[in-house]
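Examination of the molecular architecture
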Amino acid sequence: MTTTDTTGTTARGRALPVTDLSLVVLIGASGSGKSTFARRHFKRTEVISSDFCRGLVADDENDQNASRDAFDVLHYIAGKRLAAGRRTVVDATNVQQEARRQLIDLARKHDVLPIAVVLDVPEQVCAERNAARTDRADMPRRVIQRHTRELRRSLRHLEREGFRKVHVLRGVAEVEHATVVTEKRFNDLTHLTGPFDIIGDIHGCASELETLLGRLGYADGVHPDGRTAVFVGDLVDRGPDSPGVLRRVMSMVKSGNALCVPGNHENKYGRHLKGRKVQRTHGLAETIEQMDGESEEFRAEVREFIDGLVSHYVLDGGKLVVCHAGLPEKYHGRTSGRVRSHALYGDTTGETDEFGLPVRYPWAEDYRGRAAVVYGHTPVPEATWLNNTICLDTGAVFGGKLTALRWPERELVDVAAERVWYEPAKPLRTEAPGGHDGRPLDLADVHGRRVVETRHAGRITVREENGAAALEVMSRFATDPRLLPYLPPTMAPTATSGVDGYLEHPKEAFAQYAADGVARVVCEEKHMGSRAVALVCRDAETARTRFGVGGASRSSAAGSGGGPTGSLYTRTGRPFIDDASVTEAILDRLRTAVGEAGLWDELATDWLLLDTELMPWSLKASGLLRSQYAAVGAASGAVFPDALAALEGAAARGVEVADLLVRQRARSADAAAFTDAYRRYCWPTDGLDGVHMAPFQILAVQGRSLAALPHDEQLALIDRLVEHDGSGLLRTTRRLYVDTGDPESVSAGVDWWLEMTGRGGEGMVVKPVGALVRDAEGRLVQPGIKCRGREYLRIIYGPEYTRPDNLARLRQRSLGHKRSLALREYALGLEALDRLAGGEPLWRVHEAVFGVLALESEPVDPRL
Amino acid sequence: MFLTLTTTGTPDRPATDLGVLLHKHPDKAQAFTTSFGTAHVLYPEAEEQRCTAALLLEVDAVALVRRGKGKGRGGAPDAALAQYVNDRPYAASSLLAVALSNVFSSAMRGVCKARPERAAEPLPLRVRIPALPARGGPDLVRRLFEPLGWAVTAETVPLDTQFPEWGDSRYVRLELESASRTLAEALRHLYVLLPVLDDAKHYWVAPDEVDKLLRAGEGWLPGHPEQRLITSRYLSRRWSLTREAMERLELIRLAETDDSDVEEIDNAVEAEAEQEEKPTPLAVLRREAILTALRDGAAARVLDLGCGEGHLVRELLKEPRFTEIVGVDVSVRALTIASRRLGLDRMGERQAARVNLFQGSLAYTDKRLGGYDAAVLSEVIEHLDLPRLPALEYSVFGSARPRTVVVTTPNVEYNVRWDTLPAGHVRHRDHRFEWTREEFRTWADAVAERHRYTVEFRPVGPDDPEVGPPTQMAVFTLTTPTTSTPTPTASTAEKEAKAA
């Protein structure tokens, strides 16, 4: 708290320090020149005046009857600005304590500093100025007199009222000549980019600290590469040598080689040093005893050091926040008692646990901020990331280890404790405070209209009604979100063909890619099974550590032994197979093939995410087959013999039905062809006998999305997988490479398709070999275009679609929406993979996955 | 799309009179345009002894799909009709019934100027329909036609002879024979009963349906033993079409994405037939038991998690002690129905202020659910896959954390006491599991321990000495109440002590 009265005077006038994020309250009688002052020193948009707000609500800036509503509006606007982290200047007389109290409350509510600037101008001057203004000319003199009286009375109390800075400008000249100097907050070190080594709770383990600093590359507190150490606090108490730790840290901070935030233990010791009465528990007694052996001078230095510690730091352009006990995003860079308290002690639920200790609120579970929060305070066995936060207190003093995080590398470096220096009061928790532990995601991360930021296609909007449908399917049918890190996008068909007798034909697909500037494409055979995404982990332990499922701490009523080793799910995220043991059997076969092919080591991973087709179609679509496809086959098969016999009878009698008979025979043949078409994709299965899987892309592995890996390399990996499958599960995907600029190559592609679909094949997908490709304007190119076979399309467009009059009408189809949808879903899918590979929090991955499902419910012609 | 009518005759009453009665000459093939295709009438045989008229309807499937363009999903208002692959061009559906009435309208009215006496008297008739869609199968076909004096031969058509394991299709090859009906009667029977058997989903609704039904049913429908089924199926179309068009579109698309039946995922709202039996005594008993538990817990602000169509919300509203009632369901359709049934938009402001319905999901934590006195999970947990149950557990007991949680679920042991339930079947097709009393207690005890609740079990319905009650209920009470809920817990604890 500072009151400037005569200090900071420059040659021209006084310089008033004003914090960059604060609520500046101007105080002065009507006519004291507040608006002029505000205009001169602050941005126009930073200033909210009560007169302006009176105008807003009452069409008259001087209507005193509108004051109550006007101040409501003023507080509302100021609140919105402060919540968004913008400095705000309140231009009102503020001579009454009640008016100021409301503003101080507002500042506290948003955890910013309230700053008072008083314009103490003689009453006479105010009166003259008002008289010169037409709109205030009739303001009674006594009003200004009252203002001045109230102002005078207030002056002494301003600091006690809660203003953290009070600037009093006396007289017209001082107001005239003053300048405002914007100051950064103490916690704002966004300009420092490190690199940093953030070090967890030390608790007097001086020897371990020296070892760790050595391992990090520091020599006598200095890093040759200019790295900066950042201590998360709790330097003292419990351990063998708190003075030694303090000495090291203080010297590094002093020399600019380190930053330090306070822990609750320093805070308490600091109060002790100031002579306050504190309980000597939780290892404080040891520190006091050790410090008794130090010089009075050193103790004074320590006192000053602790006194000067700033509750938390915002570093590296806002990407990193360091504090002792964790901090929700709304407190980052804020300044208030409650921010400091949260930074030092964390939050509690109000309940107490079986040891009588307060239950800590799992703030990290709720954390959705973009800045990484690195903290300590609660000892955990392992430092693990949760929602972009990490706790580095690995219980060094309890015989655990001392841990450091390299930033921006995000690498952990640790040193084992030399011994148990202090017995813990209760066992270390098995997981970080609020570790996943079965806790689901929050509805607020997916609910309602949402805009998902993607790195490949910018912002993608999910409409509310689509989100609502996705929520129902996701909640009632989908696989656990932890095992559902991706959903495949829909795929657009080729432009409608003009080739006689065809609705789709590869010519258009090749032409489209040529137009997009894609020279090399790969044609991949379509298998006509059902889409299945497989997440294969090396073992249940990997699924547990990497995906957080099947944890020992949460025994479900299902009571399965080892927990799942992955998942196998459909295009909408439903478990492909209801029976978990069958899923595990398929995953086991896949896992064996991955191992035999040597892909675990080659891809440096212990899990794979695979995009596949599972056959036969009848395995999953049996309901649809029975109710729709086979039904049509049955009805047509039953009706035509009778109908044709009747027509033949009539014809034999000489009735003129020749045309009708020809037409019905053709329809009968079409219906039979339709029945043949769907039958090709059905066969009986028994357990896994008869079940086949054709993988065609490895989507992601540990630390890496493979979505941009060229398809020729992808297929080479897939081929090895198929080759090494001894179980007969895996099927190869046949392919042909085509040069879209070479007529011969294109014609070979067409022939290949004709041959394949002529034998009843479903068709093919044409993809740019480069996988993730942009056109000349930088827009994403369709990742694949499907060309479905002429016979297969009977299943989509009906048995008689090939009749010329039907084809003519069916060609009137619009692909625009489908293409746009395919690209948006593709971008969301890529985003999910990038987030997964980047180790981002589950809610971030799920947001993108949920988005794909929601878009899938958008109205688009389902036959495309 | 095909049927034949055959009659037999003698030299003085030649069978070829059929042509006169139908107003269609046996030696000509005639075509009639209808809104969904062309209807042809022709005679494969026309002898004195025997004469057969055939009605063949050429349905334009492409036009059917494209007709409703712009309404929602780029097609007709009905899911199945929006598919190019649909059975309308082949099966004797409601479309055929419409064609029948268009083409033979005079005959259906019994009008025949040339032979009025023959139109008024019964004649030997055989009707053949090779592919009749019949929801309810041959059995229902018999129940519908036999009371009208027809001898019925109905064989089911297999779905696909190559895949016998798929079983039967919903089509029946039908042959009706009677000598006691007039031609007009026969036509009117068909006109009404074809769409009834088809179950009417694919029918164009006209505003005067009731009149049409009464006219066509004159003389036979009032006395028909299946009158209720006929009427409700015939007239239920209108509602179902509207509903499908308005409320199911997004879900339909998601089902299609997955090659699934819409019904497979859109089953949050119980089917009509099941509703007709409601309220079953058990559902009433369950609600009473829940209300008792809530009163015991002195709850005023209550969450009904998985409120469905709002049956419990309605009961809660009747008691002023429940000052705030929140119904949450993941199905938007269920909420729409609940809102309509509760009449929320017509309710007085004071009453309406007590109720809030919104979409939510127990697979996620939800801050809106925090701070309530009690939560009810009535017949909800069994609709979740077991591996997803921990998520529900956390969102209710760990996150929302009301003072009282009431959970009911079927007791699978009791299933042997349901006569209508085949052995080994669950009570609802969406039940992912049904627990024994032991299984339920094991789960509930573990939940209570993990989240610091106590739990008490109560039976709902007759407590069978051998297999227990049909519904089991667990009442959880928070042991370390948060500071915001001071007094009532003491009394709860006392009551529990007494109960124990």
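Helix and strand counts for chain B come out as 20 helices and 14 strands. Relative to its full complement of 500 residues, chain B shows a buried share of 50%. Within chain B, contacts between residues at least 6 apart in sequence are counted, and of these 70% link residues at least 24 apart.

Each helix and strand counted, chain A has 29 helices and 32 strands in total. For 864 residues, the compact-globule estimate of 2.2 N^0.38 gives 29 Å, and the C-alpha radius of gyration of chain A, at 36 Å, exceeds that figure by more than 25%. Its C-alpha atoms give chain A principal-axis dimensions of about 120 × 80 × 55 Å. Here chain A, with 864 residues, has 51% of them falling under the buried criterion. Partitioning the contacts of chain A with sequence separation of at least 6, the portion at a separation of at least 24 is 73%.

If you walk across this open sheet you meet the six strands as β9-β13-β14-β17-β19-β18 (chain A), and the pairing is mixed. Either end of the sheet is taken by a strand with one partner, and the two such strands are β9 (188–189) and β18 (385–386) of chain A.

Time to look at the confidence of the model for chain B. All names here are of chain B. Mean pLDDT for chain B: 83, with 83% of residues reaching 70 or above. The model gives residues 69–81 a pLDDT under 50, and that stretch makes 41 contacts with residues more than four places away or in other chains. For this predicted complex, the interface confidence reaches an ipTM of 0.79, while the overall pTM sits at 0.77.

Quick look at the sheet that holds strand β31 (residues 763–768) of chain A now. All names here are of chain A. Strand order in this open sheet of four strands is β30-β24-β31-β32, and the pairing throughout is antiparallel. Taken across any chain shown, the strands that pair with only one partner, and hence form the sheet edges, are β30 (735–739) and β32 (785–788). Averaged over all neighbouring strand pairs, the angle between strand axes comes to 25°, with direction disregarded. Contacting β24 (520–525), β30, β31 and β32, helix α17 (residues 506–515) crosses the sheet at an angle of about 5° to β31.

Taken residue by residue, the interface counts 76 residues in chain A and 82 residues in chain B. Going through the elements one at a time, β15 (348–352), α16 (464–476), α22 (622–652), α23 (658–679), α26 (794–797) and α27 (804–810) of chain A are the ones with two or more residues in the side of chain A that touches chain B. Of all the elements, α22(A) adds the most residues to the side of chain A that touches chain B, at 20 residues. Considering only residue class, the side of chain A that touches chain B consists of 37 nonpolar, 18 polar and 21 charged.

Before going further, it helps to examine the domain arrangement of chain A. For an interface, size is often stated in terms of accessible area lost upon the parts coming together. Residues and elements named next belong to chain A. You can read the domains of chain A as domain 1 (2–183), domain 2 (188–416), domain 3 (461–617 + 688–855) and domain 4 (619–679). Counting residues at the interface gives five residues for domain 1, matched by seven residues for domain 2. For the side of domain 1 that touches domain 2, the class distribution of residues is three nonpolar, no polar and two charged.

Detailed reading of the predicted coordinates is not advisable wherever pLDDT is low. Averaged over every residue, the pLDDT of chain A is 90; the share at 70 or more is 95%. Taken together, the stretch residues 552–561 of chain A has pLDDT below 50 and engages in 17 contacts with residues farther than four places along the chain or on a different chain.

To continue, consider unusual backbone geometry. Residues and elements named next belong to chain A. Note the cis peptide between Gly194 and Pro195, where omega equals 0°. Backbone torsion omega between Trp407 and Pro408 reads 10°, so that peptide bond is classified as cis. Within the secondary structure, Pro408 sits in the loop between β20 (401–407) and β21 (411–416). Backbone geometry places His203, a non-glycine residue, at a positive phi of 50°. Within the element layout of this structure, His203 appears in the loop between β10 (196–199) and α9 (206–216). Here Asn388, not a glycine, exhibits a phi torsion of approximately 70°, which is positive. Within the secondary structure, Asn388 is located in the loop between β18 and β19 (389–391).

So, on to the pairing of strand β4 (residues 50–59) of chain B. On a regular strand, one side chain projects to one face of the sheet and the next to the other, so that they alternate. Residues and elements named next belong to chain B. With respect to burial, β4 is a largely interior element, eight of its 10 residues being buried. Across seven bridges, the pairing between strand β1 (residues 2–8) and β4 is antiparallel. Each residue of the ladder has a partner; that of Thr8, found in β4, is Arg50. Across eight bridges, strand β3 (residues 37–46) lies against β4 in antiparallel orientation. Within β4, the position partnered with Ala46 by the bridge is Cys51.

Here we come to the packing of α17(A) against helix α25 (residues 743–758) of chain A. Residues and elements named next belong to chain A. Packing of α17 against α25 brings their axes to within 9 Å, and their N-to-C directions diverge by 145°. Judged by the sense of rotation from one axis to the other, the crossing of α17 with α25 is right-handed. Every residue of α25 that contacts α17 at Pro506, Lys507 and Phe510 is listed here: Val746, Gly749, Val750 and Trp753. Within the contact of α17 with α25, the residues separate by chemical class into five nonpolar, one polar and one charged.

Residues and elements named next belong to chain B. Axis separation between helix α3 (residues 94–103) and helix α7 (residues 183–198) bottoms out at 8 Å; the angle between their running directions is 160°. Viewed along their axes, α3 and α7 adopt a mutual orientation that is roughly antiparallel. In the packing of α3 onto α7, the handedness of the crossing is left-handed. Where α3 abuts α7, its residues Ser94, Leu96, Ala97, Leu100 and Ser101 lie against Leu187, Leu190, Tyr191, Leu194, Pro195 and Asp198. A per-class count over the contact of α3 with α7 returns eight nonpolar, two polar and one charged.

This paragraph deals with helix α4 (residues 97–109) of chain A. Helix length check: α4(A), at 13 residues, gives a terminal C-alpha distance of 18 Å against a target of 18 Å (1.5 Å per residue), a fit within 8%. Downstream of α4(A) by one or two residues, Asp111(A) has phi in the positive range, about 55°.

The next point concerns the environment of Cys260(A). Residue and element names in this part refer to chain A. Tracing the sequence through the fold places Cys260 in strand β12 (residues 258–260). We classify Cys260 as buried; it has 25 C-beta atoms within 10 Å. Through-space distance from the C-alpha of Cys260 to that of Ile796 is 66 Å; in sequence the pair is 536 residues apart.

On to α7(B). Taking 1.5 Å as the rise per residue, α7(B) with 16 residues should run 22 Å; its terminal C-alpha atoms sit 22 Å apart, in good agreement. Where α7(B) terminates, the next one or two residues include Asp199(B), which has phi positive at roughly 60°.

This part covers the environment of Arg142(A). Residues and elements named next belong to chain A. Summarising the element assignment, Arg142 is placed in helix α6 (residues 141–155). Its 9 C-beta neighbours within 10 Å are what place Arg142 among the exposed residues. For the pair Arg142 and Ala127, spaced 15 residues apart in sequence, the C-alpha separation works out to 9.8 Å.

Cut-offs applied
Residues numbered from 1 in each chain as written. Chains lettered and ligands numbered in written order. Predicted model: local features only at pLDDT ≥ 70, side-chain atom pairs only at ≥ 80, totals over all residues. Helix = DSSP H or I, 4+ residues; strand = E, 2+ residues; numbered from the N terminus. Buried ≥ 20, exposed ≤ 12 C-beta atoms within 10 Å, placed from the backbone. Contact = placed C-beta atoms within 7 Å. Rg over C-alpha atoms; globule rule 2.2 N^0.38 Å. Pairing = 2+ DSSP bridges. pLDDT = per-residue confidence, 0-100. Axes fitted to C-alpha atoms, helices over the stretch in contact; angles between N-to-C directions. Nonpolar A, V, L, I, M, F, W, Y, C, P; charged D, E, K, R; others polar. Domains from an automatic or database assignment. Left-handed = near helix turned anticlockwise from the far one by under 90°. Parallel < 35°, antiparallel > 145°, perpendicular 65-115°, else oblique. Expected span 1.5 Å × (residues − 1).

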